[in-house]
Amino acid sequence: YKQTGIGDISFRLLGYKFFENRKSAFTSSIEISMNTASSPLLGTGKNILIPVITYSSFIPKKKILLAAIFQQAKSVGGDEKRADISFSKLQLVLIKYFTKKTWMVLQPEWFLDYINGGVSMNFRSRFTYAPLPRLNLWLTPSAGVFGDFVGRYDWSLDVGGRYFLFRK
C-alpha cells in the first residue's frame, strides 16, 4: 500500500531506579503508545500501556554491557473495530565495545502473543562507527527467526547515521 502520514506516537516516561551501583542497575518505566495514526494502515488503532522492567550490568574488563528488558503491552481503548493488543516482549542486549569509536550490539527478542497465541523471535545486530565525537554511522542487519507475531519481521538491513547537534 502506498500510504503516507503520521503513525501512532509513543513516549516513555522516565522510570524508577530500584537499584544502581557502578556496574549494574535495575529500573522500571512505562511507555504509552497513543492511537494517533492518520490512517488505519499506519497504526494499531489502539492506545497501549507498556510497563518496562530493565536490568543491566557492565563487565569492564571485557568492555561488555549486558541488559535484559521485559515489556508487557496491553491495549486500553481505541477503535472498537480493531483487534485488542496483549503481548509480552523479552529482549536481551549485548553491547561489545572494541574501541571508543566502534562497537557492536547483539539483540535477540521474543514475543508472546496472548490474543492469537504463539511465540515469535527476532534477531537484530548493529555495527556502529563514530568517526567524529558528534557523528555515528551504523549498519543493522535483522532477521525474523520464527513465529508469525505482527512485531516479527523477515530480513532487513538498515544503514544509518546520526549527527548530534548539541553536546554536553
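Quick notes on the rules
- Residues numbered from 1 in each chain as written.
- Predicted model: local features only at pLDDT ≥ 70, side-chain atom pairs only at ≥ 80, totals over all residues.
- Heavy atoms only, no water.
- Helix = DSSP H or I, 4+ residues; strand = E, 2+ residues; numbered from the N terminus.
- Buried < 20%, exposed > 50% of the residue type's maximum accessible area, 1.4 Å probe, protein only.
- Pairing = 2+ DSSP bridges.
- Contact = heavy atoms within 4.5 Å.
- Axes fitted to C-alpha atoms, helices over the stretch in contact; angles between N-to-C directions.
- Patch = residues over 30% accessible without salt bridge, like charges linked within 9 Å, V, L, I, M, F, W, Y side chains within 5 Å.
- Areas by Shrake-Rupley, 256 points an atom, 1.4 Å probe, with all protein chains shown as cover.
- Salt bridge = Lys/Arg side-chain N within 4 Å of Asp/Glu carboxyl O.

K.L.:
Quick one: what's the story with the overall build of the protein chain, residue by residue and with numbers?
P.N.:
Counting its regular elements, the protein chain contains zero helices and nine strands. Tracing the protein chain from N to C terminus, the helices and strands come up as β-β-β-β-β-β-β-β-β. Across its three principal axes, the protein chain shows a C-alpha extent of roughly 50 × 40 × 35 Å. Put simply, the protein chain has 168 residues, and 31% of those count as buried.

K.L.:
Help me get a handle on the pairing of strand 4 (residues 64-78), residues and values and all.
P.N.:
Examined bridge by bridge, strand 3 (residues 46-59) and strand 4 share 11 bridges and lie antiparallel to one another. Counterpart to Phe58 in the pairing with strand 4 is Leu65. In this structure, the hairpin formed by strand 3 and strand 4 is closed by a connection of four residues, where Lys63 is found at a positive phi of approximately 55°. Two strands pair when backbone bridges link them, and strand 4 and strand 5 (residues 86-97) are joined in this way by 11 bridges, in the antiparallel orientation. The partner of Ala73 across the bridge, within strand 5, is Phe87.

K.L.:
So what's going on with the side chain of Ser29? Which residues, and what values?
P.N.:
Among the structural elements, Ser29 can be located in strand 2 (residues 24-34). In contact with Ser29, not counting residues within four places along its chain, are Arg12, Leu13, Leu14, Gly15, Ile50, Pro51 and Val52.

K.L.:
Quick rundown of the sheet that holds strand 3? Include the residues and the values.
P.N.:
Sheet architecture is open: nine strands sit in the order 1-2-3-4-5-6-7-8-9, paired in antiparallel fashion. Edge positions in the sheet fall to strand 1 (9-20) and strand 9 (155-163), since each has one partner strand and no second. This sheet shows a mean twist of 20° between the axes of neighbouring strands, independent of strand direction. Pairing analysis gives eight bridges linking strand 7 (residues 119-132) to strand 8 (residues 135-146), with the strands arranged antiparallel. Its bridge partner being in strand 8, Asn122 is matched across the sheet by Gly144.

K.L.:
Help me get a handle on a nonpolar patch on the surface, residues and values and all.
P.N.:
A contiguous nonpolar patch, built from Tyr16, Phe18, Phe19, Phe26, Ile53, Tyr55, Phe70, Leu90 and Leu92 and spanning about 830 Å² of accessible area, is present on the exposed surface. Elements that contribute at least two residues to the nonpolar patch include exactly strand 1, strand 3 and strand 5. Per-element tally for the nonpolar patch: the top contributor is strand 1, with three residues. Here Phe18 is to be found in strand 1.

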